[in-house]
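# Residue-level structure breakdown
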Amino acid sequence: MVSITAAAVFSFALLSKMVERLVSLSVGIMLSTSLLHALPEAFESQAEPHTLFAVLLGGLLAFFLLEKTAILRHSHHHEDDGHGHHHGHDKKEAGKAGWMILVGDGLHNFTDGILIAAAFLADPHLGLVTGLAIIAHEIPQEIGDFIVLLNAGFSRTRAYVYNLICSLMAVAGGTLGYFMLERGMEWIPFVLVFASSGFIYIAVSDLMPQMQRRATLRETIPQVILIAAGVLIVLALTRHAHGH
C-alpha cells in the first residue's frame, strides 16, 4: 500500500501531463524488471528450465488471447464520452493494456508476498530488510503501471483503486507462504515467469509500437533516454536488494 500510494502521488502530481511521453520509462521498467530481475531469479531456482520456458511461451500466448478478449469486449465502446481523447482513441486504447498490466502486477505481488513470508520465517531481520527492499523496488514499477493505466484510458481514481487491489495480492501470497511455505515456494519460479511474460508482452506488443509511431529524431532521443532511465532505476534497486 505504501508503494502504491507513493507511486500514485508521484505519477499524478508530476507525470500525468506527460503520460504519452513517459510510456518509454514504463517500457524500460517493465522489460528490465522481467529480464534482469524476475526471470533470472526464476531460472536460478531448482525448477526445470524447459518447463519455465514452456510457462513463458504459454504466458505470452495467454496475454495475446487476453488482449484479443479486451479488444472484443471494447468493440462496442462509445466515443465522445468526455475523456477528451482524439476520435477513435477510446475504442482502440481504453482498457487494452490496462487489464493485462493488472493481471501481471497481481501475480508479481503474490510472489512478493510469498518471498516476504519466507524471509520473516527464516529471520525477522531478513524479513524486514526484504520487505523494505520490495517496497523500494515496487515504487518505480508501480509508476510504470500507472503510466500504462492512464495511457489506456483509466481515470486516476480507477488506476489507484485497481492497483491497490492488486497490491493486496501480496497479502494473499504472504498468508499462503506462511501456512504452506514449502509448497508455495515451489510455485514461485513459475508464477514469476508467467508474470514476466505479461510485462514483456505489454511492452513489446502494445507500448513499443505506440512509440514507433513517433519516428522523428527529436522524439526518438527522449524515448531512448527514458527507456535507459527505467532500466537504470531497476538495476540500482534490484542490485541493492540482492546485496542484502
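Residues numbered from 1 in each chain as written. Predicted model: local features only at pLDDT ≥ 70, side-chain atom pairs only at ≥ 80, totals over all residues. Heavy atoms only, no water.

The name given to the protein in an unreviewed UniProt entry is Divalent heavy-metal cations transporter transmembrane protein, and the organism recorded there is Herbaspirillum frisingense GSF30. Quoted verbatim from the Subcellular location (unreviewed entry) field of UniProt, the annotation for the protein is "Membrane". (UniProt positions renumbered as here; feature names shortened; annotations may be inferred.)

With numbering matched to this structure, UniProt assigns "transmembrane region" (unreviewed entry) to residues 49-66, 160-181, 187-208 and 220-238. Helix makes up 100% of residues 49-66 and strand 0%, with an end-to-end C-alpha separation of 25 Å. Secondary structure across residues 187-208 comprises 100% helix and 0% strand; the distance between its end C-alpha atoms is 31 Å. (Helix = DSSP H or I, 4+ residues; strand = E, 2+ residues; numbered from the N terminus.)

Inspection of every chain in the model, using the stated rule, returns five aromatic pairs. Centre to centre, the rings of phenylalanine 63 and phenylalanine 194 are 5.5 Å apart; their planes meet at 40 degrees, and the pair counts as tilted. Placement of the pair is phenylalanine 63 in helix H3 (residues 49-73) and phenylalanine 194 in helix H9 (residues 181-212), with a sequence separation of 131 residues. The exposure class of phenylalanine 63 is buried, given its relative accessible area of 2%. Directly above the aromatic system of phenylalanine 154 lies the positively charged group of arginine 158, at a separation of 4.5 Å from the ring centroid. (Phe/Tyr/Trp six-rings, centres within 6.5 Å; stacked < 30°, edge-to-face > 60°. Buried < 20%, exposed > 50% of the residue type's maximum accessible area, 1.4 Å probe, protein only. Lys NZ or Arg CZ within 6 Å of the ring centre and 35° of its normal.)

Moving on to the nonpolar core. In this structure, Val27, Met30, Ile101, Phe146 and Leu207 are the most contacted members of the largest nonpolar core, which totals 46 residues. With 10 residues, the top contributor of residues to this core is H9. Other than its neighbours up to four places away in sequence, valine 27 contacts Ala203, Leu207, Met208, Met211 and Ile227. (Core = buried A, V, L, I, M, F, W, Y, C linked by side-chain atoms within 4.5 Å. Contact = heavy atoms within 4.5 Å.)

Across its 21 residues, helix H2 (residues 23-43) extends 28 Å between first and last C-alpha, which sits within 8% of the 30 Å expected from 1.5 Å per residue. Maximum bend of H2: about 35 degrees, positioned at serine 34. For H2, the tally of buried residues reaches 16 of 21 residues, placing the bulk of the element in the interior. (Expected span 1.5 Å × (residues − 1). Bend = angle between axes of the 7 residues up to and from the residue.)

Interaxial distance between helix H7 (residues 156-167) and helix H8 (residues 169-179) falls to 4 Å at its minimum, and their mutual angle equals 5 degrees. Between H7 and H8, the crossing angle belongs to the class labelled roughly parallel. Contacts between H7 and H8 involve Ile165, Cys166 and Ser167 from the first element and Met169, Ala170 and Val171 from the second. Here the contact of H7 with H8 is composed, by residue class, of five nonpolar, one polar and no charged. (Axes fitted to C-alpha atoms, helices over the stretch in contact; angles between N-to-C directions. Parallel < 35°, antiparallel > 145°, perpendicular 65-115°, else oblique. Nonpolar A, V, L, I, M, F, W, Y, C, P; charged D, E, K, R; others polar.)

Next up on the list: the side chain of serine 196. Among the secondary structure elements, serine 196 is positioned in helix H9. Judged by its relative accessible area of 1%, serine 196 is buried. With residues up to four places along the chain from it excluded, the contact list for serine 196 reads Ser34, Ala38 and Leu39.

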